Amino acid sequence: MSMKKESPWDVELHLAAARGDAKRLQVLLDSGRVHVDCKDKDGTTPLILAAAGGHMEAVTELLQQGADPTSKRLTGTTALFFAAQGGFMDIVALLLEHGAAVDSCSMDGGTPLFVACQCGHLDVVEGLLERGADVNAHMKDGATALFIAAQNGHLRILEVLLEHGAKTDATRTDGATPLWIAAQMGHDHVVRRLLKAGVRVDATRHDGATPLFKAAHKGHTAVIGELLKYRPSLGILPNGESALHAAALSGHMTVARQLVGAGADPLLVNQEGLTPLQLALRHSQTQVADYLKDKVRARTASR
């Protein structure tokens with residue numbers, strides 16, 4: 001269907017679809033004055049509007065009238081994409097039965113599976129995977145469905161993806177892994193599950209930061225507790241810093257205690273020639289500085 005200026009009939013059909021008014025849709029389409037797949041300036045069809053609103057009767061009517069389930073907006077998104085995003089599994093199933101492409105992707109590479117993972121719709125995730133969705137498809141930035149689930153803290157969805165063969169260490173273009181993003185976001189339950197699945201604890205983003213470093217910087221103590229069980233590096237990382245430096249800089253006292261307790265060295269020198277203690281003093285993180293001073297004194301006294 002070529003793009004053209006919308007007629008009043010087009011507008012009315014779109015409004016009826018958005019409202020989920022199946023009877024009005026039938027009257028308008030039976031009149032022969034409007035095409036079932038007429039598009040607005042964004043390429044949106046009535047079917048896309050009805051699916052996005054979760055209007056099952058309207059979707060059914062449009063499909064019976066010949067609506068194209070593969071039609072895309074200018075962004076590349078389809079009716080299936082919006083049904084998955086909204087968590088409308090009945091509409092997802094119906095669209096797939098009528099020929100919707102399960103892995104049809106948007107301009108950024110996102111598929112219906114991605115938005116279902118993002119929004120936490122477990123039944124839709126399971127339904128899409130059962131119907132052949134590619135569990136290891138990735139967006140243009142390299143993020144996979146597992147990455148999206150980890151980022152949003154959706155543990156059960158993450159487990160389902162793992163059960164369907166999701167690659168645990170697939171990286172985004174910046175080198176971040178699902179574990180890295182889960183650590184950054186503070187999702188300790190997801191971190192625990194990924195570590196159990198055998199992911200690399202020190203998987204490093206391209207800037208040299210590890211999951212432990214990022215968790216220390218953010219102050220996510222529960223995440224750090226999980227990571228420390230798998231013996232992550234406490235030394236100087238490729239970014240020229242240690243996790244203890246990150247904790248000292250940010251003033252996270254509990255994190256500093258965790259790291260020192262695990263063996264982190266308060267006298268380790270970073271790329272600028274500073275120890276965690278000096279870094280804490282420079283940034284007026286008094287509590288952490290006092291704690292590290294005590295540790296240094298205790299170490300000196302014991303020699």
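Calculation rules
- Residues numbered from 1 in each chain as written.
- Predicted model: local features only at pLDDT ≥ 70, side-chain atom pairs only at ≥ 80, totals over all residues.
- Heavy atoms only, no water.
- Helix = DSSP H or I, 4+ residues; strand = E, 2+ residues; numbered from the N terminus.
- Rg over C-alpha atoms; globule rule 2.2 N^0.38 Å.
- Buried < 20%, exposed > 50% of the residue type's maximum accessible area, 1.4 Å probe, protein only.
- Contact = heavy atoms within 4.5 Å.
- Areas by Shrake-Rupley, 256 points an atom, 1.4 Å probe, with all protein chains shown as cover.
- Lys, Arg positive; Asp, Glu negative; His and termini not counted.
- Charge placed at Lys NZ, Arg CZ, Asp CG, Glu CD.
- Phe/Tyr/Trp six-rings, centres within 6.5 Å; stacked < 30°, edge-to-face > 60°.
- UniProt positions renumbered as here; feature names shortened; annotations may be inferred.
- Salt bridge = Lys/Arg side-chain N within 4 Å of Asp/Glu carboxyl O.
- Axes fitted to C-alpha atoms, helices over the stretch in contact; angles between N-to-C directions.
- Parallel < 35°, antiparallel > 145°, perpendicular 65-115°, else oblique.
- Left-handed = near helix turned anticlockwise from the far one by under 90°.
- Nonpolar A, V, L, I, M, F, W, Y, C, P; charged D, E, K, R; others polar.
- Core = buried A, V, L, I, M, F, W, Y, C linked by side-chain atoms within 4.5 Å.

Where an unreviewed UniProt entry is consulted, the protein chain appears under the name Ankyrin repeat domain-containing protein 29 isoform X1, with the organism given as Cephus cinctus.

A. Here's a closer look at the overall build of the protein chain. Secondary structure assignment for the protein chain yields 18 helices and zero strands. Taken against the 2.2 N^0.38 rule, which gives 19 Å for 303 residues, the C-alpha radius of gyration of the protein chain at 26 Å runs more than 25% over that of a compact globule. In terms of principal-axis extent, the alpha carbons of the protein chain reach across some 95 × 35 × 25 Å. A buried classification covers 50% of the 303 residues belonging to the protein chain. Residue pairs at least 24 apart in sequence account for 68% of intrachain contacts in the protein chain once pairs closer than 6 positions are excluded. If you sum the accessible surface of the protein chain, you get close to 13400 Å²; carbon and sulfur atoms cover 49% of it. Across the protein chain, the centroid of the 31 positively charged side chains sits 9 Å from that of the 33 negatively charged ones.

B. Seen up close, the packing of aromatic side chains. The tally for this structure, following the rule as stated, stands at one aromatic pair. Here the aromatic rings of F81 and F82 are separated by 5.5 Å at their centres, their planes lie at 75°, and the arrangement is edge-to-face. There is no split in this pair, since F81 and F82 are both buried.

C. Spatial organisation of the UniProt feature "repeat: ANK" (unreviewed entry) in the protein chain. UniProt's feature table lists "repeat: ANK" (unreviewed entry) at residues 42-74, 75-107, 108-140, 141-173, 174-206 and 239-271, given in the numbering used throughout. In residues 42-74, the share of helix is 48% and the share of strand is 0%. The end C-alpha atoms are 6 Å apart. This span, residues 174-206, is 52% helix and 0% strand, and a straight line between its end C-alpha atoms measures 6 Å.

D. A look at the side chain of T275. You can see T275 is positioned in the loop between α16 (253-261) and α17 (276-282). Its relative accessible area of 9% is what places T275 among the buried residues. Among all residues touching T275, those that are not within four sequence positions of it are H245, P266, L267, L268 and V269.

E. Quick look at the pattern of salt bridges. Tallied over the entire structure, the rule returns 14 salt bridges. The partner of R24 in a salt bridge is E12, with the nearest N and O atoms 2.3 Å apart. Here E12 lies in helix α1 (residues 8-19) and R24 lies in helix α2 (residues 22-30), a separation of twelve residues in the sequence. Under the relative-accessibility criterion, R24 is labelled partly exposed at 28%.

F. Representation of the packing of helix α15 (residues 243-250) against α16 in the model. At their nearest, the axes of α15 and α16 sit 9 Å apart, and the two run at 160° to each other. In terms of axis orientation, α15 runs roughly antiparallel to α16. Where α15 crosses over α16, the handedness of that crossing is left-handed. Between α15 and α16, the residues in contact are A243, L244 and A247 and V255, A256, L259 and V260, respectively. Residue composition of the contact of α15 with α16, grouped by class: seven nonpolar, no polar and no charged.

G. Focus on the nonpolar core. Core analysis: the largest hydrophobic core is formed by 99 residues, its most contacted members being L95, L128, L161 and L259. With seven residues, the top contributor of residues to this core is helix α6 (residues 89-97). Setting aside residues up to four positions removed in sequence, L259 forms contacts with L212, A216, I224, L228, L234, A243, L244, A247 and A264.

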